[in-house]
Amino acid sequence: MGLRRTSWMHFSALCRRAPLSTAPAAREQPAAGPGAEPVCGPAETARPPVPAVDFGNTQEAYRSRRSWELARSLLVLSLCASPALLARHEQLLHLARKLLGQRLFNTLMKMTFYGQFVAGEDQESIRPLIQHNRAFGVGSILDYGVEEDLTPEEAERTEMESCSSALERDGCGVSKREKQFQAHRAFGDRRDGVTSARTYFYASEAKCDSHMETFLHCIEASGGASEDGFSAIKLTALGRPQFLLQFSDMLTKWRRFFHHVAAEQGKAGLAAVDTKLEVAALQESVVKMGIASRAEIEDWFTAETLGVSGTLDLLDWCSLIDSRTELSRHLVVPNMQTGRLEPLLSQFTEEEERQMTRMLQRMDVLAKKANQVGVRLMVDAEQTYFQPAISRLTLEMQRRFNVERPLIFNTFQCYLRDAYDNVILDVELARREGWCFGAKLVRGAYMAQERARALEVGYEDPINPTYEATSAVYHRCLDYVLEELKHNARAAVMVASHNEDTVRFTLRRMEELGLHPADRQVYFGQLLGMCDHISFPLGQAGFPVYKYVPYGPVMEVLPYLSRRALENSGVMKGAQRERQLLWQELKRRLCTRSLFHQPA
């Protein structure tokens, strides 16, 4: 089978091709250039004062819940706090299923863990819960929680096959990717050490099509549930992870090359957005390194692409590997260890390139469906060895679809050391190109796995050293985005956090900056069954808040339930406060003879 060299120019073009025929495509919005007229914010009108939000007022926080639901929450969260039970929860579930039989086991699960964290078995059965929460000001983000029940050995084998190229698998070639972006057998099971994110393994192109159809159903259901709905997708569900690894490796090398040249020009140590290369000196470096001749690089750095400043920053640099320039044909960089020039992209077989094209087309189908039904699409973050490619692909979708409003949201993991740089670079790029910035901020779901992998494989730990450091980065990123929202009515952010201090910080900064909840620029998100004392007071006060609502058959969502139990044990401070508030409300209802409280 013939091999093909795939350039970034070709890759960007693939992002813009017609979608698959499996779903109707909405008409694309016209692109807005950098010179487009800014959109003014909402007219200044008299607004009602923002109600105070009291997370300690249990009567208000739990008025949407019946007493038996509070008792179930208290029981389940208390069981999740038991290290002895958690250590053996899989064995206990297996034993209970064996002793009770499937029917009684399903009933037991629906009365406890399943009922706490999962909305129902299908989209029809979850409607009452969605409507009930909506009546109390809380929206829903649907999430089909079913996962394949692979053994660790099966997961490892699948991952190794899907993360390697045909040449690598056949032993005909050695991977030129850096260690971080190569598949490693010890970490083949990406579920290991992950407590709060669903994991997809590549099985076939047909399976990826099935995942796409599931996402489409969730997008359609979210569009029908509210006028301002959200849906979430994972890119590892839509194609071979090999491509994400290869493009992540390329993007990381290209960015590192920029900083290498910056160091040569005496500009090391500056913030990413403040680092500017002198174009004349850069051209000399490119010629000396043998990447291209002086005649070939004349068209790379023009006033049309870079302005007239005579300097080039990281955003300009990253835009060079795009279909707007001819640099794509010269995607080689010097290997800092060997001193040799190496191609940034590996060779693909024709079949691999077809698979890559299908992955990009699936993304296109989902984005156009979200645009058609008016649902905001959040692209979930994943492991650091996939994330550079995921972020770049999300950026391509934002350029196309975030023209009039923020339709596509990128996810920033604030436990990463470079999170703040990534946020400010994306905000600045949105300003320059005239599209609407949309982001979801999370702390991150892969910390233990990322740390262990970096140590074992031998690269720098990408994670902040402590939880406190991660919280500081989260608040720094959030504060920067909120400042942007103050001056840009077209930008939006989802604060996805169960941390009460972070939510309080957000509310305080919104008040200081004059960001009103009615503007619907700041959204909040929590998981179903967790932190109701945060979600419902926010919703009842008029803030846009959403619950991630998983659904699926009992046996097929057991892996999801296992992670929910483990996650509750990992956030002990917040879970302990939640248990205290639940017990406080139950005692209040008992003392006031309102145990048979009916939500209204």
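Here the residue numbers are simple positions, counted from 1 along each chain's written sequence. The predicted nature of this model means local features are confined to residues of pLDDT at least 70 and side-chain atom pairs, given and counted, to a pLDDT of 80 or more, with totals for whole chains, interfaces and linings taken over all residues. Note: side-chain values were computed over all heavy atoms of the structure, leaving out hydrogens and water.

### Examining the nonpolar core
Nonpolar cores were defined as sets of buried Ala, Val, Leu, Ile, Met, Phe, Trp, Tyr and Cys residues, with membership established by side-chain atoms within 4.5 Å. Think of it in three bands: with a 1.4 Å probe and only protein chains considered, a residue is buried below 20% of the maximum accessible area for its type, exposed above 50%, and partly exposed in between. Within the largest apolar cluster, 64 residues are counted, with the highest numbers of intra-cluster contacts made by Val522, Phe524 and Leu538. Counting from the N terminus, the helices are the DSSP runs of H or I reaching at least four residues and the strands are the DSSP runs of E reaching at least two. Among the elements that take part in this core, helix H17 (residues 419-433) stands out by supplying eight residues, more than any other.

### A closer look at helix H20 (residues 500-513)
End to end, H20 covers 20 Å across 14 residues, agreeing with the expected 20 Å (1.5 Å per residue, within 8%). Taken together, the buried positions of H20 are Glu500, Thr502, Val503, Phe505, Thr506, Leu507, Arg509, Met510 and Leu513. With a side-chain oxygen lying 2.9 Å from the backbone nitrogen of Asp501, the N-terminal cap of H20 falls on Asn499. Where H20 terminates, the next one or two residues include Gly514, which has phi positive at roughly 75 degrees. To estimate the expected span of a helix, count its residues, drop one, and scale the result by 1.5 Å. Polar contacts, as counted here, are pairs of nitrogen or oxygen atoms within 3.5 Å of one another; within protein the pair requires one atom able to donate a hydrogen and one able to accept it, and residues that are adjacent in sequence qualify only if both atoms are side-chain atoms.

### Some points on unusual backbone geometry
Even without being a glycine, Arg520 presents a positive backbone phi close to 55 degrees. Structurally, Arg520 is set in the loop between H20 and strand E13 (522-527). Residue class for Arg520 comes out partly exposed when judged on its relative accessible area of 33%. Even without being glycine, Arg593 reaches a positive phi, approximately 55 degrees. Within the element layout of this structure, Arg593 appears in the segment after helix H23 (572-591).

### Here's the deal with a nonpolar patch on the surface
Together, Leu85, Leu92, Leu95, Leu99, Leu100, Leu104 and Leu108 give the surface a local cluster of nonpolar side chains, amounting to about 620 Å² of exposed area. The greatest single-element share of the nonpolar patch, amounting to six residues, is contributed by helix H5 (residues 89-111). Turning to its location among the elements, Leu92 is positioned in helix H5. Like charges within 9 Å and nonpolar side chains (Val, Leu, Ile, Met, Phe, Trp, Tyr) within 5 Å are joined into patches, using only residues over 30% in relative accessible area that form no salt bridge. What sets the accessible areas is the Shrake-Rupley method with a 1.4 Å probe; for residues, cover comes only from the shown protein chains. Salt bridge, as used here: a side-chain nitrogen of Lys or Arg that lies within 4 Å of a carboxyl oxygen of Asp or Glu.

### Some words on the confidence of the model for the chain
Low pLDDT marks regions whose predicted coordinates should not be analysed in detail. The score called pLDDT rates the predictor's confidence residue by residue, from a low of 0 to a high of 100. Residues of the chain with pLDDT of at least 70 account for 80%, and the chain-wide mean is 82. Below pLDDT 50 for its whole length, residues 1-9 participates in 36 contacts with residues either more than four positions away or in separate chains. Taken together, the stretch residues 323-330 has pLDDT below 50 and engages in 21 contacts with residues farther than four places along the chain or on a different chain. Any two residues having at least one pair of non-hydrogen atoms within 4.5 Å are treated as being in contact.

### Observations concerning helix H19 (residues 467-487)
If you check H19, its first and last C-alpha atoms are 31 Å apart, about what 21 residues at 1.5 Å a residue would give, namely 30 Å. Along H19, the residues that are buried comprise Thr470, Ser471, Val473, Tyr474, His475, Cys477, Leu478, Val481, Leu482, Glu484 and Leu485. Buried-residue contacts for H19 involve H17, strand E11 (438-442), strand E12 (492-496), H20 and E13.

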